[in-house]
Amino acid sequence: PLPRPRLMMARDLRARIERALPMFTIGPTLLPYVRGDSLYWFAEAFSAARRYPLSAAVSLDGREYRYLQLAATVIVQAQTGQMLVIPVESPDPLLRGWMQRAASTFTPLAAAPEWIRRERPPAVDWMAVQGSALALRDIFADAGAP
């Protein structure tokens with residue numbers, strides 16, 4: 001629509017996020033959020049590796065990863081497609097590297113709109129990953145491992 005028409009190459013939300021952030025693994029849950037007359041989508045982006053020495057596998061969306069850390073929350077405005085990428089407050093080395101390389105991609109939480117700081121939904125995929133890791137800990141504890 002006018003005054004700034006744009007051509008959308010990827011209509012699917014997940015495909016659009018993955019094209020914009022190919023360095024991250026996008027969580028399976030896309031949370032809708034209605035604010036006023038606008039729809040926003042919240043997604044979680046992870047720093048991930050299938051291989052990582054001396055680590056147990058954790059599951060995300062049916063896939064096993066040896067390294068998995070929450071990297072950012074991605075917020076997409078449904079009508080305009082405008083994307084806001086808010087990194088976690090304590091970035092891992094992978095995220096720190098990407099933040100240095102592509103600084104304009106990320107918006108610190110302090111610079112995000114105030115309603116996002118107050119009302120953003122919980123990181124449900126990250127909670128599932130942490131639950132998976134805790135379950136592994138309990139399995140190893142039951143087996144007598146330290």
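First, a word on what this report is: a plain description of the structure on this page. All figures in this text were calculated on a predicted structure; none of them were measured in a lab. (Residues numbered from 1 in each chain as written. Predicted model: local features only at pLDDT ≥ 70, side-chain atom pairs only at ≥ 80, totals over all residues. Heavy atoms only, no water.)

1. Focus: the overall build of the protein
Turning to step 1, where the next piece is worked out: Helix and strand content of the protein: four helices and seven strands.
Turning to step 2, where the next piece is worked out: Listed N to C, the secondary structure of the protein is α-β-β-β-β-β-β-β-α-α-α in terms of helices and strands.
Turning to step 3, where the next piece is worked out: Out of the 146 residues in the protein, the part that is buried amounts to 34%.
Turning to step 4, where the next piece is worked out: In the protein, the share of contacts with a sequence separation of at least 24, taken over all contacts with a separation of at least 6, comes to 48%.
Turning to step 5, where the next piece is worked out: Entry remark: accessible area of the protein is about 9,500 Å², with carbon and sulfur atoms responsible for 55%. (Helix = DSSP H or I, 4+ residues; strand = E, 2+ residues; numbered from the N terminus. Buried < 20%, exposed > 50% of the residue type's maximum accessible area, 1.4 Å probe, protein only. Contact = heavy atoms within 4.5 Å. Areas by Shrake-Rupley, 256 points an atom, 1.4 Å probe, with all protein chains shown as cover.)

2. So, the pattern of salt bridges
Turning to step 1, where the next piece is worked out: For the structure shown, the criterion picks out three salt bridges.
Turning to step 2, where the next piece is worked out: Between Glu-119 and Arg-35 there is a salt bridge, and its shortest N-O distance comes to 3.5 Å. One end of the pair, Glu-119, is in helix α3 (residues 114-119); the other, Arg-35, is in strand β2 (residues 31-35), and 84 residues separate them in sequence.
Turning to step 3, where the next piece is worked out: With relative accessibility at 25%, the residue Glu-119 sits in the partly exposed group.
Turning to step 4, where the next piece is worked out: Judged by its relative accessible area of 33%, Arg-35 falls in the partly exposed class.
Turning to step 5, where the next piece is worked out: A salt bridge links Glu-119 to Arg-118, with the nearest nitrogen and oxygen atoms 3.2 Å apart.
Turning to step 6, where the next piece is worked out: Under the relative-accessibility criterion, Arg-118 is labelled exposed at 51%. (Salt bridge = Lys/Arg side-chain N within 4 Å of Asp/Glu carboxyl O.)

3. Here we look at the nonpolar core
Turning to step 1, where the next piece is worked out: Residues Ile-17, Leu-21, Phe-24, Ala-45 and Val-74 are the most contacted members of the largest nonpolar core, which totals 14 residues.
Turning to step 2, where the next piece is worked out: Broken down by secondary-structure element, the contributors of at least two residues to this core are α1 (13-20), β3 (38-49) and β6 (67-77).
Turning to step 3, where the next piece is worked out: At four residues, the largest contribution of residues to this core is made by β6.
Turning to step 4, where the next piece is worked out: Contacts of Leu-21, omitting those with residues within four sequence positions, involve Val-74, Val-85 and Thr-105.
Turning to step 5, where the next piece is worked out: Tyr-33, Tyr-40, Leu-84 and Leu-109 belong to the second largest nonpolar core, which has 10 residues in total. (Core = buried A, V, L, I, M, F, W, Y, C linked by side-chain atoms within 4.5 Å.)

None of the figures reported here should be taken as evidence of function without further support.
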